[in-house]
Amino acid sequence: MVAKPELLAPAGDTESLIAAVENGCDAVYLGATTLSARASAANFAPDELADAIDYAHLRGVKAYVAVNTLVKDSETNDAADLLYHLDESGADAVIVQDVGLLSMARSLAPDLPIHASTQMTVHNSEGAGFLQDMGVTRVVLAREMTLDEIKQVRQNTDLEIEIFVHGALCISYSGQCLMSSMIGGRSGNRGVCAQPCRKRYRLRTLPGGREVKTDGEYLLSPKDLNTSRILPELIEAGIDSFKIEGRLKRPEYVACVTRIYRGLIDRYMEDPPGYFVSDDESRALAQVFNRGFTAGYLTGNPRGELMSRKRPYNRGIHIGTVIGCEQNRLRIRLSGTLCIGDGIGVAGAAGDVEGDDSGTIVRQMYTNGRQVDRAGSGTVVDIPIFSDAQVRAGSTVHKTLDKPLMDSLRSSFTSPTPLRRIPITITAEAAVGSPLGLRIEDNDNNAVYVHSEYVIERAVSRPTTGEEIVRQLAKLGNTVFEVSESDIDLRIEGGGDIFIPVSQLNRVRSDAVSRLADARIAGWGGGARARHRHDRSADAAGTLRATEPRALVADTSRSSPAVSLAVSVSSMDGVRSAIAGGADVIYLGGESYRGEGAEAFDLETATRYVHQSGRRIYLNTPRIASDSQMRGVADAMSGARRFGADGVLASNHGVFRLAEEMGLDIIVDSPLNVFNRMSLEFWAERGAGLVTLSPELTLAEIREIAKYGAAECIVHGRITLMESEHCVVGGVLGGSGSCTARCEDCGFELVDEKGYAFPLQMDTDCRMHLLNSSELCMLDHIPVIVRAGVSSIRIEARAVDSERAGAITRLYRTALDGYSARDSKIQSTCKGITGKYTTGHYRRGVL
């Protein structure tokens, strides 16, 4: 029989924590006030974290803590302190993105389980296996994976598998989005994403700039995930944990979604053939929050059906149609129930729901001139509005907030009487001349025994009856425990009438309940880990803070350290141009893009040509490769070894593991998000000969990291801001069946509300790559980059023609040679080689 999956709910604050637990979750995930990928949630201070973990454990719920951002070197000590605290507090796991933090956790808190965040972009079996080798116990798989792909990972690893089943979706692969970062300095990898995907964009062709008509302007805004209809398939797939997204959502949302998915999972486990989702459940899920629903990629690529192009915010549910608006009153014909206190949103005229809705809370409502508190379907109501919004007859009306529903949900986590109770049994032993003995046990084999300070007396007048004792012991009030009188075993020894004051019964019962609560919390293992924590913390912390830099890859005693110039190209013409321009290293390959100018290459010919020129060549590999696509990657890597290439660039964990197994020299590429010294050392210890640093680092941060190993930074080119399984062009123009590949006819770009244009590239696997609106150019700053101690600088030239690639390479070659020759004068500048350019984060950094 298939195992019941864990239901994992979000807890962005204390109320959401209570809402999740009271409504039936098996586990919660929550974040600290620092180093959490939902930095704008309330989150929990260290002391609050410990209390939250205890709250969950008392009620039989696991608590996972998200420390799932990239960590700056300046935050390393704080991260170590947080890991110690979580270990001591009994957290059931820590969720991480940063491999440096993963390495630190394994060293400082070896008993603390580690879950790999979806921010790690794990999407193939080799990647999952890599993390399993690193001691990870669970992986949160990329949301772009199909159910068949998830099953493959399930079969090929021993890791626990966690997937998202409900909530918001990202348009980009998580961990691979730099858009918010590059636009405004708010990094999604640091938990402060500004959600540029929920903004308006226009689609234009290239060249020419012809605007493409689209059905809505929110071209990067996905619908929300809802898997309630396919839950049986997910359960049968053997997935270990079903995760609800929503640490930024209100607690009522958490209560609603948790309660419904709890019921659905239990319903299927009890009667698989009889599984259903009721209309009320579907309506509640839509009412509490939706941008439209999708099953995502689980059942295959939904293409255009993935997107919510007309509204990037909560739609609510359809509640009626405007039939008139005059004298500040809105007249609506209802198609559902509306109550005072509900929220409504009014869209444009019939058939036109683009643009911002006009929203209001219903404070007053009239039917036939009579004020009412509630009106049903078919009723015509007049609602006073206090807005300048222009509303036309025929406009659709959505209920965006259902007050009775919200009140009901809120009561689930604000009532002093808990919904979630723990059954216990009580054994009481009473005898004249002895204290009252009480043994309380729960269903998890936790048991405590207490006895009263009061010595039982023989009754003089009115004895205490057995019924009175049982009734008093059963009064557990607002505690988390419950007991029926039939589960209380009272044993009165010696016969005769006894007397026990009610106050003494209450006191011993309260003492026993308190001790049982402590026993349940301690029984989760946090205490056992805590006993070892102090034994190692001082030494480990001292090691962390006092470690000296390892020997530099570049000899700092030299006045002009040798820095390699690497150029990434995608064609044989690009190879020749880069070599002619003075490249030391060629990176060839990666994703194959559609459209004009796309050219295949012969790795054997390219390797021979580069080696005859006295240079080095590495096979570039895609950042995303499913299990089926990894076979092609493996073939290419075998070819690289056979043809004598110098190694490979690894952009995901799976490719790195495969390259290790093949014995290839490896360069770690930027999609693996190396953001600190710990991560660089992690990859170096795994055998990477060179590590490409994150493009979100400043020059000052690079200077500190480069002390600890061979580092490369990207200095020129169009940086990829997003890689998405969804192709905007195919979604808009691809037709209702299979994609018509319009991207092969011409180029495309997205234009934001400020007029910035972001080029799109579509690869042969139909993934979309969104490039930065401006070209990165650091030609003017080569001296300071060299002095930062990097071993290599890279030009990203895959998005330009070979002639331009050669010209740019020549300029950087001249700048490097001029620096080495002590000629600080730069002959050409960025303004001379590119129209619009940016220095990226080299100066400003990210939050």
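Look a little higher up for the structure.
These numbers come from a predicted model, not from an experiment.

A. Representation of the overall build of the protein chain. Across its full length, the protein chain carries 24 helices and 43 strands. For the protein chain, the C-alpha radius of gyration of 31 Å lies close to 29 Å, the compact-globule estimate for 847 residues. In the protein chain, buried positions account for 58% of the 847 residues. When contacts within the protein chain are restricted to residue pairs at least 6 apart in sequence, those whose partners lie at least 24 apart make up 72%. When the accessible surface of the protein chain is summed, it comes to about 33700 Å², and 46% of that surface belongs to carbon and sulfur atoms. Distance between charge centroids for the protein chain: 5 Å, based on 94 positive and 109 negative side chains.

B. Examining the side chain of S792 more closely. By the secondary structure assignment, S792 is in strand β42 (residues 792-796). Classification of S792 by relative accessible area gives buried; the value is 3%. The contacts of S792, once residues within four sequence positions are left out, are V563, S564, A566, Y587, L690, A711, E712 and C713.

C. Quick peek at the nonpolar core. If you look at the biggest cluster of nonpolar residues, it comprises 205 residues, and the most contacted ones within it are L220, W683 and I793. Among the elements that line this core, the one with the most residues is helix α9 (residues 251-270), at eleven residues. With sequence-adjacent residues up to four places away left out, W683 is seen in contact with V99, F130, H653, F656, V668, L672, V674, A688 and V691. Counting 29 residues, the second largest nonpolar core, distinct from the first, contains I440, I456, I500 and A517.

D. Structural view of the environment of S221. Position of S221 relative to the elements: it lies in the loop between β9 (211-212) and β10 (224-226). S221 gets classed as buried once you look at its relative accessible area, which sits at 0%. A sequence separation of 79 residues divides S221 from A142, and the C-alpha atoms of the two residues are 18 Å apart. Once you skip the residues sitting within four places of it in the chain, S221 turns out to touch C197, R198, M307, S308, R309, R311 and P312.

E. Quick look at the state of the cysteines. The final tally for this structure, using the stated rule, is one disulfide. The disulfide bridge from C777 ends at C830, spanning 2.1 Å between sulfur atoms. Here C777 and C830 share a disulfide; its torsion about the S-S bond, -90 degrees, makes the bridge left-handed. Here C777 is found in strand β41 (residues 775-777), whereas its partner C830 is found in helix α24 (residues 830-833), with 53 residues between them in sequence. Each member of the pair, C777 as well as C830, is classed as buried. Here C713 is not disulfide-linked; the sulfur of C777 is the nearest cysteine sulfur, at 13 Å.

F. Representation of the sheet that holds strand β40 (residues 768-771) within the structure. A sheet is described by the order of its strands in space; here six strands give the open sequence β9-β8-β38-β39-β40-β37, paired in antiparallel fashion. The sheet terminates laterally at β9 and β37 (720-724), the two strands that pair on one side only. As judged from the two bridges shared by strand β8 (residues 201-206) and β9, these two strands associate in the antiparallel manner. Considered in β9, the bridge of L203 is made with V212.

G. Structural view of the packing of helix α5 (residues 125-133) against helix α18 (residues 653-662). Two numbers describe how α5 lies on α18: the axes approach to 7 Å, and their chain directions differ by 75 degrees. The angle between α5 and α18 places the two elements in the roughly perpendicular class. Across the interface between the two elements, E126, G127, G129, F130, L131 and D133 of α5 pack against H653, G654, F656, R657, L658, E660 and E661 of α18. For the contact of α5 with α18, a count of residues per class yields four nonpolar, four polar and five charged.

H. Looking closely at the pairing of strand β22 (residues 396-401). Bridge count between strand β13 (residues 317-326) and β22: four bridges; the pairing is antiparallel. Counterpart to I317 in the pairing with β22 is K399. Note: strand β16 (residues 343-346) against β22, four bridges, orientation antiparallel. Bridge pairing in β22 places V346 opposite V397.

I. Up close: the packing of helix α4 (residues 99-108) against helix α19 (residues 677-685). It is the contact of α4 with α19, at a shortest axis distance of 7 Å, that shows an interaxial angle of 80 degrees. What the angle tells us is that α4 and α19 run roughly perpendicular. Between α4 and α19, the contacting residues are V99, G100, L101, S103 and M104 on the first element and M678, S679, F682 and W683 on the second. For the contact of α4 with α19, the per-class residue count stands at six nonpolar, three polar and no charged.

J. How the structure looks around unusual backbone geometry. For the bond from L206 to P207, the omega torsion is -5 degrees, close enough to zero to count as cis. On the secondary structure map, P207 appears in the loop between β8 and β9. Positive phi outside glycine occurs at C766, with the angle close to 65 degrees. Its place among the elements puts C766 in the loop between β39 (757-762) and β40.

K. Highlighting the pairing of strand β3 (residues 62-67). Taking burial as the measure, the six residues of β3 include five buried ones, the bulk of the element. Of the strand pairs in this sheet, strand β2 (residues 27-31) and β3 are connected by five bridges, and their pairing is parallel. By the bridge assignment, V28 is partnered in β3 with A63. Handedness of the crossover is the feature at issue here: the chain leaves β2, passes through helix α2 (residues 46-58), returns alongside β3, and the resulting connection is right-handed. Inspection of the sheet shows β3 paired to strand β4 (residues 93-96) by four bridges, in the parallel sense.

L. Broad picture of the packing of aromatic side chains. Under the criterion given, the structure shown has seven aromatic pairs. Ring geometry for F130 against W683: centres 5.5 Å apart, planes inclined by 15 degrees, an arrangement best described as stacked. With a gap of 553 residues between them, F130 in helix α5 and W683 in helix α19 connect regions that are remote in the sequence. For F130, a relative accessible area of 0% gives the class buried. W683 sits in the buried class, given a relative accessible area of 0%. An angle of 85 degrees between the planes, with centres 5.1 Å apart, marks the rings of F682 and W683 as edge-to-face. Through pairs of rings, three or more aromatic residues link up here, namely F130, F656, F682 and W683. It is K243 that lies over the ring of Y29; its NZ or CZ is 4.4 Å from the centre. In this arrangement the basic side chain of K249 is found over the ring face of Y253, its NZ or CZ atom lying 5.0 Å from the centre.

About the thresholds
Residues numbered from 1 in each chain as written. Predicted model: local features only at pLDDT ≥ 70, side-chain atom pairs only at ≥ 80, totals over all residues. Heavy atoms only, no water. Helix = DSSP H or I, 4+ residues; strand = E, 2+ residues; numbered from the N terminus. Rg over C-alpha atoms; globule rule 2.2 N^0.38 Å. Buried < 20%, exposed > 50% of the residue type's maximum accessible area, 1.4 Å probe, protein only. Contact = heavy atoms within 4.5 Å. Areas by Shrake-Rupley, 256 points an atom, 1.4 Å probe, with all protein chains shown as cover. Lys, Arg positive; Asp, Glu negative; His and termini not counted. Charge placed at Lys NZ, Arg CZ, Asp CG, Glu CD. Core = buried A, V, L, I, M, F, W, Y, C linked by side-chain atoms within 4.5 Å. Disulfide = S-S within 2.5 Å. Pairing = 2+ DSSP bridges. Axes fitted to C-alpha atoms, helices over the stretch in contact; angles between N-to-C directions. Parallel < 35°, antiparallel > 145°, perpendicular 65-115°, else oblique. Nonpolar A, V, L, I, M, F, W, Y, C, P; charged D, E, K, R; others polar. Right-handed = clockwise from strand over helix to strand, strands pointing away. Phe/Tyr/Trp six-rings, centres within 6.5 Å; stacked < 30°, edge-to-face > 60°. Lys NZ or Arg CZ within 6 Å of the ring centre and 35° of its normal.

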